[in-house]
Amino acid sequence: FMRIFLIFGIFYGLIGIPNLFIDWFNSFNLLATQANTAAGGTAVHAANLFAAADQIFHLAIDNFSLFDFGKSMALILAAFLAGILLVLLSIELLITILKFYFTLYINIIMMGFSALQQTRQWAINGVTNLLKTGLELLMIKLIIGLSITTIMQFANNASNNDNQSLIYLVILVLSLFSLAK
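Computed from a predicted structure; not experimentally measured.

The rules behind these values
Residues numbered from 1 in each chain as written. Predicted model: local features only at pLDDT ≥ 70, side-chain atom pairs only at ≥ 80, totals over all residues. Heavy atoms only, no water. Patch = residues over 30% accessible without salt bridge, like charges linked within 9 Å, V, L, I, M, F, W, Y side chains within 5 Å. Areas by Shrake-Rupley, 256 points an atom, 1.4 Å probe, with all protein chains shown as cover. Salt bridge = Lys/Arg side-chain N within 4 Å of Asp/Glu carboxyl O. Helix = DSSP H or I, 4+ residues; strand = E, 2+ residues; numbered from the N terminus. Buried < 20%, exposed > 50% of the residue type's maximum accessible area, 1.4 Å probe, protein only. Contact = heavy atoms within 4.5 Å. Polar contact = N/O pair within 3.5 Å; in protein donor to acceptor, adjacent residues only side chain to side chain. Expected span 1.5 Å × (residues − 1).

### Considering a nonpolar patch on the surface
Judged by side-chain polarity, Phe50, Phe57, Ile61, Phe80, Ile84, Val87, Leu88, Ile91 and Ile95 come together as a nonpolar surface patch covering roughly 780 Å² of accessible area. At the level of secondary structure, the elements contributing two or more residues to the nonpolar patch comprise helix 3 (46-62) and helix 4 (69-110). When residues of the nonpolar patch are assigned to their parent elements, the largest contribution, six residues, is made by helix 4. Turning to its location among the elements, phenylalanine 50 is positioned in helix 3.

Structure below.
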């Protein structure tokens, strides 16, 4: 009886404080922002994503030259692919945020099953799923922030007639597509 009372009390406490799970989300979000800025990356917001894509496009168009057509086309192709990449990663970020909130509210319902031995694992799996989704949010924001900074750095160097940076830019953008699924 005491064991059931303690287990039920723990999960009842978690049901009574749904802001605890939202605080988890906010802490993962804040941790990702601080890690990005500490690593020299940019903070990930929707405005930053589209501003970075717009800046890359303008950089490629401003440096277009008919006398160096191959390099200009490679820079435009890399800028186009980087824009698509940022859109795909922002969609992935939005899906992760929605998945966290959906899991959060389903988890509150699952907490009701925590008192019984047969269904306790459902509640435990819900809490673990929230932690996994929070870590997924952290990693996606880190990848987006660092990739924006790196792409911008290589694009700036490539626009200054650095062919090696142009090659790195194309390779980086193509390899990041594997992360965007």
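Still more ground to cover, so stick around.
### Looking at the environment of serine 90
Here serine 90 shows up in helix 4. For serine 90, a relative accessible area of 16% corresponds to the buried category. Here serine 90 is in contact with Leu49, Phe50 and Ile144, once residues within four sequence places are set aside. A polar atom in the side chain of serine 90 sits 2.7 Å from the backbone oxygen of valine 87.

### Details of helix 5 (residues 120-159)
Under the 1.5 Å per step criterion, the end-to-end length of helix 5 is 58 Å for 40 residues, consistent within 8% with the ideal 58 Å. Just downstream of helix 5 lies asparagine 161, where phi reads positive at about 60°.

### A word on the pattern of salt bridges
Within the structure shown, the criterion is met by one salt bridge. Residue glutamate 136 is joined to lysine 99 by a salt bridge in which the shortest nitrogen-to-oxygen separation is 2.9 Å. Highlighted residues: glutamate 136 in helix 5 and lysine 99 in helix 4, separated in sequence by 37 residues. Exposure remark for glutamate 136: the relative accessible area of 25% places this residue in the partly exposed category.

As far as function goes, none of this settles anything; it's purely spatial.
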